[in-house]
Every structure is written in C-alpha cells, then in structure tokens.
Amino acid sequence: MKPIEERKIKCVVWDLDNTLWDGVLLEDKNVTLRQEALETIKTLDSRGILHSVASKNDFDTAMSKIEEFGLKEYFLYPKINWNPKSDSVLEITKLINIGIDTIAFIDDQPFERDEVSYALPDVLCIDSLDISKVPRLPEMMPRFITEDSKNRRHMYMADICRNKIENEFKGPQEEFLAGLNMVFTISKAKEEDLKRAEELTVRTHQLNTTGYTYSYEELDRFRKSDNHKLLIASLTDKYGSYGKIGLVLLECVENLYTIKLLLMSCRVMSRGVGSIMINHIRNMARKEGAVLRAIMVPSEVNRMMYVTYKFSHFTEIEESDSLVLFENDLTTVQDFPEYVDVKIVD
Amino acid sequence: MTIEEIRDKIRTFLSKFIKNKEIDDDFDLFGSKLLNSMFAMQMVMFVEKEFKIKVENKDLKIDNFKSINALKSFVSGKL
C-alpha cells in the first residue's frame, strides 16, 4: 500500500441501507436520504472523485429509490445484489479500470467493512458514522481540480454508453471505431494544460511507460526548455469528449530524441491511440534525421506499454534491473488509422 | 498438443475480433495499420493462458504475432 500522504481515492463505493439513507428499504419504503451523504457525494463529485454502490438489496427497488432521490447519474456501475460486498467492490474496480488502492468503501455494518477489508486489504473502509468527515480526509483531496476532473463522471458515463454499443455491435471492431468519428489532437502543452498533465502523471499507472511523476513546476520547465518537447493529446468522438488523455515528454538533444514518459488514460485503451502518439513521434524523428529512443521502467501493471513499444518498432538496446532503453527502427513508415482524424497543432 | 490443435485455438480466439471476414493463415493481422494496444495485449494474454507458456520480453515481436502461421510456430516452439 502507498504511504498515506500519497494515496488518493478515485472512487467511493456506498452501502445503501443506513448509510446513503436512514432505514432499511425492504422494510420501509419511505427511507430518508441522509443529508451528509448527499453533500459528501456532491463535494467529492466536484473534485473528480467517482461514486458507486455495493448494497445487498433488491436491484429494481433500490435503483428506483436512488432515482427518486436524484442520485442515479452519480453512481457508476452500481452493484445491488446478494453477493459478498468484496465481490461487488472488486467488480466495480475492474469495470472502472482503476487500482484497488484508490477505492473507499462506506458501510454502517462492521461485518461488511471487515469482509471487504479481509478480502481486499488495500480498500479504505469507512464507518458511515464518519460520512460528514469524509470530504476532509487527505485521501479525498486531489492536488489539483482540473476541467477534466470536474467532468470525470460525465466522461465515464459516456464510456458506459460507448461500451454498451460496442458490445452490441456485431461487425468488425474497425467498423465500430470508424462510426465513432474520433478526432485525436496532439499539441504542445500550454500553461493551462499543466495541472491536467501533472494529474495524468499521478493518476495513470497501467498505460504509463516510466511511472515518473512530475510536478507542475517541473513540467513548466520542460515546456519552456529548448531540449524538451511536452506534448498533450485529447480525444473526442460523437458521444462527447474524453478530455486530455495522453502525455509525452520527449528529450531532444542534438540528434537524439528520447521518450522519457509516455502515458495514456486507461479509458482510451481500446482506441488504438497510444500507437498514434508513438507514430507521430516517429514521424518527427524521421523528419529531423534523429535517432529515437525510449526509456521504460517495467512494473507489475504497465506491461501493456512494453507490448505497445515492442510492437511499434522499438527494440531493447540496454537493460538494467529496473530500466530498459529502447531504440526505434524508423524505416517502416506507417499511416495513421483511417478511423481516426489526427490533428497536429503546433 | 498437435499443430492443428494450436492453429484451431488461435483461430477460435481471433474469430472474436475478426468477424464477417474469412482470413487465411498468412493474413497479416497488423498489416500497414497501427496496432491497438489492447488487442496486442489480449493476444499475449491469450497465448500465455491458453498454452500455459510465458511470453518473455524478447518474444514480444510483431514477427511472432503477425499472422496465424507466425503465432502457431511461436507457440509450438515454446511448448
């Protein structure tokens, strides 16, 4: 588990009876919403922290109550069933695609908190008596609140909508992707992008080549440096914006370009956009007659980036215990995929 | 496991991704297109799970994964 001061919660999973509301729904249809729960949900939501539900209840009855309280749009992938809550919490974590140590679980019953703690020791379990204190916990304080964090819930909801359609779509995946009208924009990071850039370095683990985190100030120096390029990528499609979802730090010293950091938000994992970023850098390096290298720090969770590099014409030239240095074979020129409109903004 | 069994398992797996299209054993899965990281990773995980082999970093090469035939030779070499 990460040290307390570093640990940040990305999603709070709520119990319902005697936690979100006072009373037990199956015994009393007129349960009352707890004001402190409502306020906590809204406060955390404005900070970009997501919410979900793990409750032992009847799904339809509980969902219509949630809807009646006007809270349906706040809960991603609510799990309302009779399974152990640790199963529900784990499923939610997988569906949102975030780390288990970024989850908090609120329940009034010690038994349920213990069951979750026992099965998932990295989850932060909170007694529902403490709901009003939750917004003041350091784990619930993101370092920055960016435009993307404020819209995070809407972006995840748009994802659910896309995935549902993708799963129902019977044709080849490429046809589905083509129907999304995706626009992928790569631009030099501007000052107003830096908070989001720092947030991406802190939040992204799976699709992150080095896991290096950089502060706002460091990123600002790279942005202004002649020896670096800091690129940020955004993606939109017909369902809306995914926001700023990719970041690259490129060191350019004479004829040697080195990718120090390449990361993508997990939400765009199946959109083929990581390769677009690499392809753009390959084109840049080829044009300048530069050698292109990349640093990789393999971890337990970022193997997908290793695969992405290896399948994008990178080969290992140096390996130590924790670090791999790759060099790219720039001879194969690849086109951007037809299903994405790639815009390069200087 | 016979080479035909390996081939059939790979075909079954790929049929989840490539629908409404007949592909032969040399069909270039990546072609001139950029790969999608998720698909690449799913292929690696499929091979590890289905054939109980470990795909080492040095094995991660397009040449080992680019077609049904390439994947078949790679897997049979590992078994």
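Residues numbered from 1 in each chain as written. Chains lettered and ligands numbered in written order. Predicted model: local features only at pLDDT ≥ 70, side-chain atom pairs only at ≥ 80, totals over all residues.

Trainee: Help me understand the overall build of chain B, please; the structure alone is not making it clear to me.
Mentor: Check the secondary structure of chain B and you find four helices and zero strands. Of all 79 residues assigned to chain B, the portion counted as buried reaches 24%. In chain B, the share of contacts with a sequence separation of at least 24, taken over all contacts with a separation of at least 6, comes to 70%. (Helix = DSSP H or I, 4+ residues; strand = E, 2+ residues; numbered from the N terminus. Buried ≥ 20, exposed ≤ 12 C-beta atoms within 10 Å, placed from the backbone. Contact = placed C-beta atoms within 7 Å.)

Trainee: Looking at this structure, how should I read the pairing of strand β1 (residues 11–14) of chain A?
Mentor: Working note: regular strand, side chains alternate between the two faces of the sheet. All names here are of chain A. The two faces of β1 match: C11 and V13 on one face and V12 and W14 on the other face are all buried. Bridging between β1 and strand β6 (residues 103–107) involves four bridges; their strand directions are parallel. In the strand pairing of β6, V12 is matched with A104. With four bridges connecting them, β1 and strand β4 (residues 50–55) associate as parallel partners. Bridge pairing links C11 to L50 in β4. (Pairing = 2+ DSSP bridges.)

Trainee: Hey, could you run me through the sheet that holds β6(A) in this one?
Mentor: Hydrogen bonds along the backbone pair up the strands of a sheet, which may run parallel or antiparallel. Read from one edge of the open sheet, five strands run β5-β4-β1-β6-β7 (chain A), paired in parallel fashion. Pairing within the sheet leaves two strands with one partner each, and these edge strands are β5 (79–80) and β7 (124–127) of chain A.

Trainee: Quick question: what am I supposed to make of the sheet that holds strand β13 (residues 314–319) of chain A here?
Mentor: All names here are of chain A. Pairing within the open sheet is mixed, and its eight strands lie in the order β13-β14-β12-β11-β10-β9-β8-β15. The outermost strands of the open sheet, each flanked by one partner alone, are β13 and β15 (340–345). Adjacent strand axes in the sheet meet at a mean angle of 25°, parallel and antiparallel pairs treated alike. By the bridge criterion, eight bridges tie strand β10 (residues 240–253) to strand β11 (residues 256–264) in an arrangement that is antiparallel. (Axes fitted to C-alpha atoms, helices over the stretch in contact; angles between N-to-C directions.)

Trainee: How should I be thinking about the nonpolar core in this particular structure?
Mentor: Within soluble globular proteins, side chains that are nonpolar tend to cluster in buried spots. Residues and elements named next belong to chain A. Counting residues in each nonpolar core, the largest one holds 59 residues, and the members touching the most others are A233, L235, V248, M277, I281 and V307. With residues near it in sequence (within four places) discarded, L235 still touches M182, F184, Y242, I245, V268, R271 and V273. Core analysis: the second largest hydrophobic core is formed by 37 residues, C11, L16, I103 and I131 among them. (Core = buried A, V, L, I, M, F, W, Y, C linked by C-beta atoms within 7 Å.)

Trainee: Looking at this structure, how should I read the domain arrangement of chain A?
Mentor: Much of the literature gives interface size as the accessible area that the parts lose upon coming together. All names here are of chain A. By domain assignment, chain A separates into domain 1 (11–140) and domain 2 (147–345). Each of domain 1 and domain 2 has a C-alpha centre, and these two points are 33 Å apart. In this assembly, 10 residues from domain 1 lie in contact with seven residues from domain 2. Classifying every residue of the side of domain 1 that touches domain 2 by side-chain character gives four nonpolar, four polar and two charged. (Domains from an automatic or database assignment. Nonpolar A, V, L, I, M, F, W, Y, C, P; charged D, E, K, R; others polar.)

Trainee: Is there a simple way to explain the pairing of β10(A) in this structure?
Mentor: Residue and element names in this part refer to chain A. Sheet topology note: the strand β9 (residues 228–237)/β10 ladder contains 10 bridges and is antiparallel. What sits directly across from L230, in β10, is L249. Joining the antiparallel neighbours β9 and β10 is a turn of two residues. Taken together, β10 and the strand that follows it, β11, pair antiparallel across an intervening segment of two residues, in which E254 is found at a positive phi of about 50°.

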